Amino acid sequence: MSSHPSPTTTPNEALRAAPSTTLSTPATKDDARISLRGHVRHTSALVRRNLLWIRQDPESMADALLMPVIFTLLFVFVFGGSIGQALGGGQDRYVQYVIPGMIAMMSMTLSQGVGTGFSQDFNSGVMDRFRSLPIGRGSVLFAKISVELLRMLFATAVLMIVSVAVGFEITNWPGLFAAVALSTAFASSIMWVFLTLGVIMKSAQSVQAMGFLVLFPLQFGSSIFAPTTSMPGWLQAFTDYNPLSTLADAARGLMVGGPVAHDLWVTLGWSVAITAVMAPVAIHKFRTKS
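Scope of this entry: the structure provided in the associated data block.

Further remarks concern the packing of aromatic side chains. Applying the stated criterion across every chain, the model contains 10 aromatic pairs. Ring plane angle 20 degrees and centroid distance 6.4 Å describe the contact between Tyr94 and Tyr97, whose orientation is recorded as stacked. Highlighted residues: Tyr94 and Tyr97, both in helix 4 (residues 91–109), separated by three residues, approximately one helical turn. A relative accessible area of 0% places Tyr94 in the buried class. Plain terms: the ring middles of Phe216 and Phe220 are 5.7 Å apart, the flat faces sit at 50 degrees to each other, and that makes the pair tilted. Of this pair, Phe216 and Phe220 are both found in helix 9 (residues 204–220), four residues apart, which corresponds to roughly one turn of the helix. What makes Phe220 partly exposed here is its relative accessible area of 42%. Over the ring of Tyr97 we find Arg252; its NZ or CZ atom is 3.8 Å from the centre of that ring.

To continue, consider helix 5 (residues 112–124). For helix 5, with 13 residues, the first-to-last C-alpha span of 19 Å sits near the 18 Å given by 1.5 Å per residue. Within helix 5, 10 of the 13 residues are buried, which leaves the element mostly enclosed by the surrounding structure. Of all the residues in helix 5, the buried ones are Gln112, Gly113, Val114, Gly115, Thr116, Gly117, Phe118, Ser119, Asp121 and Phe122. Gly125 lies just past helix 5 and shows a positive phi near 90 degrees.

Here the focus is the nonpolar core. In terms of nonpolar packing, the biggest core is built from 72 residues, with Phe118 and Trp192 touching the most fellow members. When residues of this core are assigned to their parent elements, the largest contribution, 13 residues, is made by helix 8 (residues 173–200). Not counting the four nearest positions on each side in its chain, Trp192 is found in contact with Leu141, Phe142, Ile145, Thr275, Met278, Ala279, Ala282 and Ile283.

This part covers the packing of helix 8 against helix 12 (residues 261–288). When two helices pack together, their arrangement is captured by the angle between the axes and the distance separating the axes. Where helix 8 meets helix 12, the axes come as close as 8 Å, and the angle between the chain directions of the two elements is 25 degrees. In terms of orientation, helix 8 and helix 12 fall into the roughly parallel class. Where helix 8 crosses over helix 12, the handedness of that crossing is left-handed. The class makeup of the residues in the contact of helix 8 with helix 12 is 19 nonpolar, five polar and one charged.

What counts and what doesn't
- Residues numbered from 1 in each chain as written.
- Predicted model: local features only at pLDDT ≥ 70, side-chain atom pairs only at ≥ 80, totals over all residues.
- Heavy atoms only, no water.
- Phe/Tyr/Trp six-rings, centres within 6.5 Å; stacked < 30°, edge-to-face > 60°.
- Helix = DSSP H or I, 4+ residues; strand = E, 2+ residues; numbered from the N terminus.
- Buried < 20%, exposed > 50% of the residue type's maximum accessible area, 1.4 Å probe, protein only.
- Lys NZ or Arg CZ within 6 Å of the ring centre and 35° of its normal.
- Expected span 1.5 Å × (residues − 1).
- Core = buried A, V, L, I, M, F, W, Y, C linked by side-chain atoms within 4.5 Å.
- Contact = heavy atoms within 4.5 Å.
- Axes fitted to C-alpha atoms, helices over the stretch in contact; angles between N-to-C directions.
- Parallel < 35°, antiparallel > 145°, perpendicular 65-115°, else oblique.
- Left-handed = near helix turned anticlockwise from the far one by under 90°.
- Nonpolar A, V, L, I, M, F, W, Y, C, P; charged D, E, K, R; others polar.

Below you can see the structure in the form of structure tokens.
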């Protein structure tokens, strides 16, 4: 029988149906041997592969669609009245406070999807095929991050539609776009952490469990959902160094007014530092994983 996949074959099935001689293709020993144009071409092809997978499995977009809806309605209508009064207003005041913070939350919550998806690809054998091909190892990782950032931007668009429906007023469009760009930059740095977890941990469930252990303290020990002034002193000290607090405060200042510069530069500093440390680690672990 022919080893060529049929026109209706899915991307994953096509990889599995490739001739066995592909496995003997010498792997690229050093990404530096591949030109920048080659890296871009490889990354583009892998991005297309991941988008095709989403197209064939639309349920994989359920979290990006439902999470912003559920969280917005939950926090606005359950906690909006009481926290809004503490802010000197009511539910309308809380909507203006929490929506910029939830843009920051989207950047962190959806970032763990890149790790679970990466782990699933390893367990299904897809990554073995990728690593047998003469493509840049970094291209595989950059493609994963690119697609997850597109998912995050989709979730942010859904969030803004729901937020307008519950009363959020967009008075500064350039500030909104700047807040989304800042959130995207931070999300891309956090994704390197989850990519590393996706490589070193044995299952997607393990990556997800570890992600929750990281996400919950960072999200709820921050200024995303409520001001930090009423928190105990030791918790306030934690929130001062929590990058999600500075991201939420920067987004709040950009979108509804207030101080921006300090929180903006601190968030960018966190993004650069996390990327500088974790990107080489993720690429090295991916290259050397047996």
